Amino acid sequence: RGTVRFEDVRFAYIPSRPILKGVSFEVPAGQTVAIVGPSGAGKSTLSRLLFRFYEPQGGRILIDGQDISAIRQDALRAAIGMVPQDTVLFNDTIGYNIRYGRWEASEAEVREAARSAQIDRFIESLPEGYDTPVGERGLKLSGGEKQRVAIARTILKGPPILVLDEATSALDSFTERDIQTALDRVSQGRTTLVIAHRLSTVVNADAILVLDHGRIVERGDHTTLLARN
Ligand code: ADP
Ligand code: ADP
């Protein structure tokens, strides 16, 4: 389960300026589809619609054949995990931040998720800026480490569907490769929608869609798209 389908989806923030002009694609259950395209193409808007932050003005979005407008918000949030571009951490320990979204998880499960994402050494630490009254200082995590927290959170939550939003764009190339490996592992067996600027970050996708000015202008796999571009 976990098939995601966009059918002729249209959306505008401002009526005079359509952002998505009839976008259709399917991510079959368990597969990875990447949406690439220039900044401003409407990629993040697609993921916002999938989370129902906004409603499409035309067309529909289906999960396993069900229109998402008929799915309760809490069920939708349970079904979809997100690893964002910038992970904002809450004012509590890294362990608490990993638990966010699945409060009933046991201590051992949190630890296991942290270990899989290789962030377990920080589990008791507080994030930077959140110093305790007794003078304990928060820890400055790098961009890659924050992403590992988001990855651990997603592993723990275990949603069938995953959205990765330009997940490695802000990292140096060593960290990027490292995080990519962790992300490939989390997306294993899950329906995954990757939002990316560059073809180079989506080598492993089953299909790649190029979005430009609100339309899908090309579809293919990594090899065919590289050959054409
Ligand atoms: P064109 O091929 O002329 O660019 P479009 O496919 O963009 O046409 O639009 C077809 C119709 O759908 C037009 O009436 C347009 O205003 C409307 N439309 C397109 N995209 C959106 C959108 N995102 N929101 C609302 N209406 C849209
Ligand atoms: P991408 O993720 O491909 O860079 P976005 O989906 O973020 O593109 O944005 C597509 C277009 O929609 C951009 O022109 C952006 O300025 C515009 N846009 C994004 N969010 C809003 C908003 N909340 N209100 C109005 N316009 C927006």
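Residues numbered from 1 in each chain as written. Chains lettered and ligands numbered in written order. Predicted model: local features only at pLDDT ≥ 70, side-chain atom pairs only at ≥ 80, totals over all residues. Heavy atoms only, no water.

## With respect to the overall build of the chain
- Of regular secondary structure, the chain possesses 7 helices and 10 strands.
- In terms of overall dimensions, the chain is globule-like: its C-alpha atoms have a radius of gyration of 18 Å, near the 17 Å expected for 229 residues.
- Summarising its shape, the C-alpha atoms of the chain cover approximately 55 × 40 × 35 Å along the three principal directions.
- By the burial criterion, 47% of the 229 residues in the chain qualify as buried.
- Contacts in the chain between residues far apart in sequence, at least 24 positions, make up 67% of those at least 6 positions apart.
- Counting only carbon and sulfur atoms, one obtains 49% of the accessible surface of the chain, whose full area is about 11,600 Å².
- Distance between charge centroids for the chain: 3 Å, based on 29 positive and 29 negative side chains. (Helix = DSSP H or I, 4+ residues; strand = E, 2+ residues; numbered from the N terminus. Rg over C-alpha atoms; globule rule 2.2 N^0.38 Å. Buried < 20%, exposed > 50% of the residue type's maximum accessible area, 1.4 Å probe, protein only. Contact = heavy atoms within 4.5 Å. Areas by Shrake-Rupley, 256 points an atom, 1.4 Å probe, with all protein chains shown as cover. Lys, Arg positive; Asp, Glu negative; His and termini not counted. Charge placed at Lys NZ, Arg CZ, Asp CG, Glu CD.)

## Observations concerning the sheet that holds strand S8 (residues 191-196)
- Taken in spatial order, the 6 strands make up an open sheet running S6-S7-S8-S3-S9-S10, and their pairing is mixed. Each of the sheet's edge strands pairs with one partner strand only, and the pair in question is strand S6 (80-83) and strand S10 (215-220). Taken pair by pair, the neighbouring strands of this sheet meet at an average axis angle of 20°, ignoring direction.
- Across 4 bridges, S6 lies against strand S7 (residues 161-165) in parallel orientation. Pairing of Val83 across the sheet is with Leu164, part of S7.
- Strands in contact with helix H5 (residues 143-157) are S6 and S7; relative to S6, the strand with the most contacts, it is inclined by about 170°. (Pairing = 2+ DSSP bridges. Axes fitted to C-alpha atoms, helices over the stretch in contact; angles between N-to-C directions.)

## Quick word on the pairing of S7
- Counted residue by residue, S7 has 5 buried out of 5 residues, so it is predominantly covered.
- Alternating positions in S7 separate into two faces, Ile161, Val163 and Asp165 on one and Leu162 and Leu164 on the other, with burial throughout.
- Judged from the 5 bridges that link them, S7 and S8 form a sheet pairing that is parallel. What sits directly across from Ile161, in S8, is Thr191.

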